[in-house]
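Single-letter residue listing:
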Amino acid sequence: MKRILVIGAKGMLGRDLMGVLLSFFPHDEIFGWDIEEIDIQKEEDTVFEIEKLRPNLVIHIAAYTDVDGCESNKEKAFAVNAEGTRHVALGASGCQAKMIYLSTDYVFDGKKKEPYLENDPPQPISVYGHSKWKGEQYVQESMRDFLIIRTQWLYGRYGKNFVTSILRQASEKKALSIVNDQIGSPTYTVDLAKAISTLIQFDARGIFHVANSDLCTWYTFGQAILKLSGMNKVRVIPISSKELARPAPRPLYSVLNCQKLKKETGWTMRPWSEALKEHFST
Ligand SMILES: NC(=O)c1ccc[n+]([C@@H]2O[C@H](COP(=O)([O-])OP(=O)(O)OC[C@H]3O[C@@H](n4cnc5c(N)ncnc54)[C@H](OP(=O)(O)O)[C@@H]3O)[C@@H](O)[C@H]2O)c1
């Protein structure tokens, strides 16, 4: 029987991941911690608590995920996403556990014209991207047995995300302006949780890219959300990232090549539009 510890268990991905892990590994012990149980910014506490639990596997998905907030709060971004990850890695290696770290497409600059491979060199352009990349580096430096999973454009049943934001805005306005020059793949947290569980079953190591297949812009994604929710009367206006002028720059093209996942586990991620349909039907 394995002891699996999830850190960040009450976040958007965490809540789905806890349920999926229970169904994939019914005979293992699964522990879910979040900020109430442990503040990963505190090195001693984090290392002590992980070593006390003695898990075989630590899945670290806790993060400061406010991408724009990170620009004005650089200290917190690095304290949680980089140093926090180093503390988790210290705890995990202290009890010879394997570590899984969730990272992001925002480690790339978005200048590539084809899907990013796992070994493409990261070149983050935002504070969030830099802090997550530093977290990746700490994991690689301090762990012998690790898995880094880069994903993107997450949405799911829990927490705030692009889907909830579009639905909220559509209930308040007649027209929405949505960015049409950033390309990526919206990824359903349930599908990501299943892919993570599959990678665990295969004892995969190294870096993997995991996202739903097919690509789109936020504008196309927004249109699909409005259609599926029956709010087609709301007008959608395509705008550029420059017009939106968010504090954090985003990569214009951050599609992830997920062939390695398929090759090593046989697991294929379905198209984002299919996953979105399921999200609206459940
Ligand atoms: N969302 C995306 O589109 C996306 C894309 C690519 C990669 N990722 C990565 O995927 C992972 C999961 O993302 P998510 O969207 O599910 O994030 P989320 O909903 O923000 O969940 C993260 C969880 O971590 C907790 N947390 C924050 N600071 C902490 C600390 N110091 N100690 C312990 N726990 C702390 C948060 O608590 P509070 O809510 O109380 O702060 C929250 O429950 C993250 O590693 C993220 O970087 C996300």
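Above this note sits the structure.
Since we're looking at a predicted model, the values are computed, not measured.

## Notes on the layout of surface pockets
Moving on, step 1. Roughly 280 Å³ of volume is contained in the second largest pocket.
Moving on, step 2. Around the second largest pocket, the lining comprises 18 residues; the ones closest to its centre are Ala211, Ser213, Leu256, Cys258 and Gln259.
Moving on, step 3. Of the residues assigned to the lining of the second largest pocket, the class counts are 9 nonpolar, 7 polar and 2 charged.

## Section: the site of the ligand
Moving on, step 1. As a matter of local geometry, the ligand sits amid 24 residues, with Leu13, Asp34, Asp39, Thr65 and Tyr128 nearest to it.
Moving on, step 2. Between the ligand and Asp39 there is a distance of 2.9 Å, counted from a nitrogen atom to a side-chain nitrogen or oxygen.
Moving on, step 3. Relative to its unbound accessible surface of 890 Å², the ligand loses 78% to contact with the protein.
Moving on, step 4. When contributions to the shell around the ligand are tallied by element, the ones reaching two or more residues are helix H1 (12–24), strand S4 (98–104) and helix H5 (127–142).
Moving on, step 5. Element by element, the count of residues in the shell around the ligand is highest for S4, at 3 residues.
Moving on, step 6. Partitioned by chemical class, the residues of the shell around the ligand number 13 nonpolar, 7 polar and 4 charged.

## Quick look at the packing of helix H8 (residues 218–228) against helix H11 (residues 272–281)
Moving on, step 1. One can describe the packing of H8 onto H11 by two numbers: an axis separation of 10 Å at closest approach and a directional angle of 35°. The handedness of the crossing between H8 and H11 comes out as right-handed. Within the contact between the two elements, H8 uses Thr220, Phe221, Ala224, Ile225 and Leu228 and H11 uses Trp272, Leu276, Lys277 and Phe280.
Moving on, step 2. Residue classes in the contact of H8 with H11 are distributed as 7 nonpolar, 1 polar and 1 charged.

## Looking at the packing of aromatic side chains
Moving on, step 1. According to the stated counting rule, one finds 10 aromatic pairs in the structure shown.
Moving on, step 2. Geometrically, the ring pair formed by Trp218 and Phe221 is tilted, given 6.3 Å between the ring centres and 40° between the ring planes. Remark: Phe221 and Trp218 occur in helix H8; sequence separation between them is 3 residues, near one turn of the helix.
Moving on, step 3. The exposure class of Trp218 is buried, given its relative accessible area of 12%.
Moving on, step 4. A residue is classified by how much of its surface remains accessible, and Phe221, at 1% relative accessible area, is buried.
Moving on, step 5. In textbook terms, an aromatic cluster arises when at least three aromatic residues are bridged by ring pairs, as seen for Trp153, Tyr155, Phe162, Tyr188, Trp218, Phe221 and Trp272.

## Points about H8
Moving on, step 1. All of the buried residues in H8 are Trp218, Tyr219, Phe221, Gly222, Ala224, Ile225 and Leu226.
Moving on, step 2. In the stretch just after H8, Gly230 is the one whose phi turns positive, near 75°.

## Some details on the side chain of Ser185
Moving on, step 1. Within the secondary structure, Ser185 is located in the loop between strand S8 (183–184) and strand S9 (187–188).
Moving on, step 2. In this structure the side chain of Ser185 is engaged in a polar contact, spanning 2.9 Å, whose partner is the backbone oxygen of Asp214.
Moving on, step 3. Ser185 has contacts with Gln152, Trp153, Ala211, Asn212, Asp214, Leu215 and Val255, leaving out every residue within four places of it along the chain.

## Considerations on the nonpolar core
Moving on, step 1. Ile7 and Phe221 are the most contacted members of the largest nonpolar core, which has 54 residues in total.
Moving on, step 2. Ranked by residues supplied to this core, first place goes to H8 with 6 residues.
Moving on, step 3. When near neighbours in sequence (up to four residues on either side) are disregarded, Phe221 contacts Tyr155, Phe162, Val163, Pro186, Cys216, Trp272 and Leu276.
Moving on, step 4. Listed in part, the 28 residues of the second largest apolar core include Ile4, Met18, Ala193 and Ala195.

## Section: the sheet that holds strand S5 (residues 146–151)
Moving on, step 1. Taken in spatial order, the 6 strands of this open sheet run S2-S1-S3-S4-S5-S10, and their pairing is parallel. Whereas interior strands pair on both sides, the edge strands pair on one side only; in this sheet they are strand S2 (29–33) and strand S10 (206–209). Looking at each pair of strands side by side, their axes are set apart by 20° on average, direction ignored.
Moving on, step 2. Inspection of the sheet shows strand S1 (residues 3–7) paired to strand S3 (residues 57–60) by 4 bridges, in the parallel sense. Residue pairing across strands places Ile4 opposite Leu57, the latter belonging to S3.
Moving on, step 3. The sheet strands contacting H5 are S4, S5 and S10, and the helix crosses S4 at an angle near 160°.

## Some details on the pairing of S4
Moving on, step 1. Of all 7 residues that make up S4, 7 are buried, and the element is covered over most of its length.
Moving on, step 2. Neither face of S4 is exposed, since Lys98, Ile100, Leu102 and Thr104 on one face and Met99, Tyr101 and Ser103 on the opposite face are all buried.
Moving on, step 3. Sheet analysis places S3 next to S4, joined by 4 bridges and oriented parallel. Bridge assignment links His60 to a residue of S4, and that residue is Tyr101.
Moving on, step 4. Judged from the 6 bridges that link them, S4 and S5 form a sheet pairing that is parallel. Paired with Ile100 across the two strands is Leu147, which belongs to S5.

So, how was this worked out
Residues numbered from 1 in each chain as written. Predicted model: local features only at pLDDT ≥ 70, side-chain atom pairs only at ≥ 80, totals over all residues. Heavy atoms only, no water. 1 Å grid on protein atoms, 1.4 Å probe; cavity = no way out; pocket = protein on both sides within 12 Å on 5 of 7 lines; lining within 4 Å. Points joined across faces, edges and corners; volume = space filled by probe spheres on them. Nonpolar A, V, L, I, M, F, W, Y, C, P; charged D, E, K, R; others polar. Near = heavy atom within 4 Å. Polar contact = N/O pair within 3.5 Å; in protein donor to acceptor, adjacent residues only side chain to side chain. Areas by Shrake-Rupley, 256 points an atom, 1.4 Å probe, with all protein chains shown as cover. Helix = DSSP H or I, 4+ residues; strand = E, 2+ residues; numbered from the N terminus. Axes fitted to C-alpha atoms, helices over the stretch in contact; angles between N-to-C directions. Left-handed = near helix turned anticlockwise from the far one by under 90°. Contact = heavy atoms within 4.5 Å. Phe/Tyr/Trp six-rings, centres within 6.5 Å; stacked < 30°, edge-to-face > 60°. Buried < 20%, exposed > 50% of the residue type's maximum accessible area, 1.4 Å probe, protein only. Core = buried A, V, L, I, M, F, W, Y, C linked by side-chain atoms within 4.5 Å. Pairing = 2+ DSSP bridges.

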